[in-house]
Amino acid sequence: MQDPTPESGGSARPDEERREAAVVVVPATGSASWLQRVFEEVRGASQLSVVPTEPPPVTVVAVERYLAEAPPAAAQYWYDVTLADGACQERCYLAPRLNGLVQRAHLHAGVRLRLTRCSYRYDEKRLNYGFLCLEELERVHGAGPAPAAPAALPRGLPPPLRGVKKHYLPLWNNEDPYGDVWVADKPRAQIDVDVSKLTSLGQLEMTWRSRVHYHPLLVRVLHKSRLRYYGKPEKKMDMPYQAYFEVADGSGMMSMVLWNSLCPEWYNSMKVGTVLLLEQYAVKTSYPFKTKPTPGDSQMKRFATIEISLNVRDPPTKISIIPEEMVKPEWGLPEVKYRFITRSELDGLPNNHSCDVIGLVTFVGRAERARKKEHGEDFWLYRWAHAIDGTSDQPFILELFATSQPEVFERIHPMTYLVCTQMRVVRDLTENPSSTIYLTTSNESQIFITGWHRGQPYTKDTKVRNFIQWTKTQNEVDQMEKAVIGGYYPFPRPPNNFLKYCKNNKVESVLKAIGETGKEIEDLHYREHKRIAVQGIISAIRYISCSNVAEEASGVELAQKDNSQSLESSAAYKEDSLHKEKNTNLQNKEIKSFLEPQCTPGEKHRHQALLSQKSSVKRKIPRRLNTDAEQSASVTPVSSYRYFTRSARRKLGLDEFQHEDFVQEKNRQTLSDSSQHSTDQEGMSDTPETEETGRACGLWQSDLWAQVKDKLMKYLHHSTIFPESIPRKFDYVHRDLLMQQYNLHAAVHQPKETRTDKNINDFKSASGLGYYEVTVLGINHDVAIDVAFLPLFCPDDPHLFQLEDIQNDTLLSCMSCISACQQTATSNGRLPDMFPLSDEIVKAAMDLDGKHVVCILDICHLGDDKVEVFLSKIYKTEEPGVLDAV
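Reference entry: report on the structure contained in this document. Each chain carries its own residue numbering, running from 1 in the direction its sequence is written. Per-residue local features are limited, in this predicted model, to residues with pLDDT of at least 70; the limit for side-chain atom pairs, both in listing and counting, is 80 or more; totals at the level of whole chains, interfaces and linings are taken over all residues. Heavy atoms throughout the structure, all of them, feed into the side-chain values; hydrogens and water do not.

## Notes on helix α18 (residues 839-847)
And then number 1: The buried label goes to any residue with under 20% of its type's maximum accessible area, the exposed label to any with over 50%, and the partly exposed label to all in between, with areas taken from a 1.4 Å probe on protein chains only. Here a helix means four or more residues in a row that DSSP labels H or I, a strand means two or more in a row labelled E, and each is numbered from the N terminus. Inspection of α18 places I841, A844 and A845 among the buried residues, and these make up the whole buried set. Along the axis of α18, the buried positions cluster into a sector of 100°, meaning they face one direction only. Facing away from the buried side of α18 by more than 90 degrees, the exposed set consists of D839, K843 and M846. Our arc is simply the arc of the directions from the helix axis toward the C-beta atoms.

## Observations regarding the pattern of salt bridges
And then number 1: Any carboxyl oxygen of Asp or Glu within 4 Å of a side-chain nitrogen of Lys or Arg constitutes a salt bridge here. Per the counting criterion, the structure on display carries 29 salt bridges.
And then number 2: R313 serves as the salt-bridge partner of D314, at 3.2 Å between the closest nitrogen and oxygen.
And then number 3: Using a relative accessible area of 36% as the deciding quantity, one classes R313 as partly exposed.
And then number 4: A salt bridge links K866 to E724, with the shortest nitrogen-to-oxygen separation between them at 2.6 Å. Of this pair, K866 sits in strand β38 (residues 866-876) while E724 is found in the loop between β33 (714-717) and β34 (728-729), placing the two residues 142 residues apart along the sequence.
And then number 5: The buried category is assigned to K866, whose relative accessible area is 7%.
And then number 6: We classify E724 as buried; its relative accessible area is 7%.
And then number 7: Because the salt bridges share partners, they merge into one network encompassing E374, K512, E520 and K530.

## Some words on the pairing of β38
And then number 1: With ten of its eleven residues buried, β38 lies for the most part within the structure.
And then number 2: Pairing between strand β37 (residues 853-863) and β38: ten bridges, direction antiparallel. Within the sheet, the bridge partner assigned to H861 lies in β38 and is V867. For two strands to be treated as a pair, DSSP must find at least two bridges joining them.

## Some details on the packing of aromatic side chains
And then number 1: Pairing of aromatic rings covers Phe, Tyr and the six-membered ring of Trp, with a centre-to-centre limit of 6.5 Å; geometry is then stacked below 30 degrees between planes, edge-to-face above 60, and tilted otherwise. Scanning all chains against the criterion turns up 34 aromatic pairs.
And then number 2: Ring geometry for W78 and Y93: centres 6.1 Å apart, planes at 85°, overall edge-to-face. In this pair, W78 sits in strand β4 (residues 77-84) while Y93 sits in strand β5 (residues 88-94), placing the two residues 15 residues apart along the sequence.
And then number 3: According to the relative accessible area criterion, W78 is buried, its value standing at 4%.
And then number 4: Looking at Y93, the relative accessible area reads 1%, which means it is buried.

## Observations regarding unusual backbone geometry
And then number 1: In the segment running from D314 into P315, the intervening peptide bond is cis, with an omega of -10°.
And then number 2: Following F491, the chain continues to P492 via a peptide bond in cis, the omega torsion being 0°.
And then number 3: Here P492 is to be found in the loop between β23 (484-485) and α10 (498-504).
And then number 4: A positive phi angle, close to 75°, is found at M415, a residue other than glycine.
And then number 5: Summarising the element assignment, M415 is placed in the loop between α7 (406-409) and β20 (417-426).

Here's what the structure looks like:
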């Protein structure tokens with residue numbers, strides 16, 4: 001089958017390639033493939049559907065996404081899942097009603113499952129073509145013999161199983177290149193440039209309307225945008241990509257657009273600074289609404305009326321990359337110039353100012369996603385980072401959206417040297433002059449880390465060289481002690497004024513009912529972050545130790561039947577438990593080991609029995625469904641080295657800025673046993689409510705709460721703190737494990753040759769000893785929700801979590817002051833058993849007693865059934881403008 005036009009996909013691959021590539025035989029010494037037997041059985045079944053008897057566990061090798069096709073409009077994207085049973089790999093189509101398993105990361109590469117129902121689907125528009133369809137799945141938990149390790153997918157992935165699309169998309173966003181179709185680097189052309197045949201950009205602008213064919217252009221790339229994917233299910237185009245570049249010669253600068261199937265071929269090779277020889281191109285009127293980068297040379301002339309269009313036809317473009325060593329000075333091509341600033345200069349810059357920055361990363365957050373449109377399936381991918389440059393005690397705060405550089409974005413970690421170009425200043429002097437300033441990426445931003453600096457034009461910049469000189473004066477041990485990775489990062493803070501919050505919010509209705517919060521949480525996708533506002537009454541506050549976060553275990557099946565989009569679970573509601581944390585004294589520069597108590601499943605069961613001995617009131621309350629996990633720890637001595645030798649730094653690839661030595665991090669280890677994590681999910685049951693007196697280190701509740709808490713129609717529990725919620729001290733030795741933990745699940749399983757027994761719980765928390773559970777009662781006194789407030793304070797880096805942004809919020813400010821208690825408690829090397837609520841917290845809570853407030857909640861889906869819900873801001877409804885805004 002051929003596509004109607006060359007540009008809508010080029011030459012189509014035969015259906016035989018799709019069909020034969022669906023099954024990959026893996027050499028194995030065991031028995032014949034179970035997957036192959038099922039494949040043959042389902043094709044011979046009268047209903048083309050089978051329910052396998054006693055299906056063995058299989059491993060998910062890959063989960064890959066592609067654009068769906070009209071007329072089915074139920075799902076915008078389809079998924080192919082590659083399964084392995086040790087003898088072969090089978091590529092299967094996932095029934096669209098199970099898409100939620102992927103979207104919420106129940107089903108991802110590396111998990112084990114059982115195939116409990118499957119069917120065979122023929123394509124009625126093709127001859128003899130069909131594929132296996134997964135109808136029902138069951139997640140495999142716990143111990144047991146694992147199938148043989150899946151082999152890596154063969155290079156040159158075949159096209160998707162269903163429809164006529166010929167490439168896959170990245171799993172979690174649309175801006176990144178994905179798959180072998182994207183050429184890593186085109187070879188440089190060894191050609192002689194005939195200058196007499198060239199035209200300039202200035203001449204092109206004056207003469208383009210009078211010409212059909214244009215003379216060749218010789219230009220240098222000055223700016224590069226992220227990829228734009230504009231595919232729609234109703235459109236037939238197979239490679240609907242677009243990328244903007246700003247190119248320049250001696251006469252000025254002009255936009256150049258790379259279209260469609262030329263993007264996979266050329267996008268990765270067209271780097272900032274690359275010299276291009278363009279022949280057989282088109283010229284069109286510029287698109288008026290596209291973003292425009294700020295040129296490094298403010299004197300450069302910009303030709304804004306037209307743009308160069310590069311496509312595979314009309315006419316077919318000819319592109320050549322000229323090696324830098326062949327570029328001649330007489331060609332007059334401009335050098336790439338930058339607008340680097342230091343941190344000390346940032347405070348004086350206006351909002352939306354464009355700049356470039358370089359710094360040593362001290363913090364990098366987890367990768368999160370934000371929905372582009374309400375109820376849509378497309379997401380922006382982003383993460384937060386801090387970087388210092390020695391000119392201020394404050395860091396650069398960087399909001400980094402994916403820039404179509406996944407190999408860089410996924411490798412950002414503390415102690416790397418980060419360069420970000422074309423960043424924009426975000427500040428609001430009219431709303432809050434003292435609010436924290438941060439930088440965000442623009443459409444033309446590029447990011448670079450250690451390993452990608454060599455040969456970049458910015459290595460010649462004066463401020464970059466000054467930064468390198470500063471790094472040579474730094475002690476790696478001191479910087480490593482401040483390094484933090486992952487966890488909940490409450491930034492930017494909501495504005496001080498609720499009216500301003502309403503203006504900034506783009507959704508149809510700002511306020512959500514507390515009873516609707518469960519639906520908001522259920523609709524979240526994997527790592528989606530969302531901020532919602534609810535009205536309520538602060539009714540109870542409880543301090544909870546973080547020594548054992550989410551440690552109960554239960555089993556959850558991976559099963560979706562009929563039209564259900566939630567996992568079936570047999571787990572019952574379990575109360576959280578507390579274990580006292582032992583010494584965690586980091587007063588010395590040498591990093592000491594620390595001890596956490598061990599708790600076997602049997603001990604945990606006995607502990608739960610003790611907690612449940614208090615009197616309880618039976619009523620309808622939500623059931624907590626917990627998965628995965630018991631926690632234990634051990635102690636390993638740690639050695640530290642103050643400096644890397646020059647040879648060691650070279651081995652780590654640290655010498656990049658024209659052989660400038662990058663000062664890098666020391667080796668540091670803290671080894672503990674592995675643990676897994678629990679989840680919290682809404683569900684209603686007649687379960688006795690148990691007071692968690694064994695966990696409470698401090699409790700305040702209002703008189704109103706005492707009167708109504710046993711009469712609620714609905715009570716939502718979403719105050720669980722998960723291990724992924726807690727910022728961790730960075731350990732360079734285990735950086736790959738930490739980066740994997742805080743990146744998104746990979747589309748393709750990549751088994752490692754060596755595995756570590758360390759678990760995320762084994763890395764020391766950077767944020768303190770505990771958190772608060774805050775109960776918000778609905779204003780009609782019939783529903784309530786428990787949410788968490790995490791006091792974020794890093795003793796090693798007081799500037800990490802910008803506490804000054806909540807100083808106008810009395811209650812949250814008081815709860816954040818636990819950091820002062822923590823420092824006092826740890827100064828003698830021993831932690832107290834409990835931190836009672838301070839008088840200030842109780843007074844602030846009593847000032848809100850019975851009053852209607854607006855609570856801003858940060859919610860984020862962490863995968864499986866784990867959703868964190870954090871209290872971020874409290875607005876009093878009697879404040880000026882609040883009632884009008886609502």
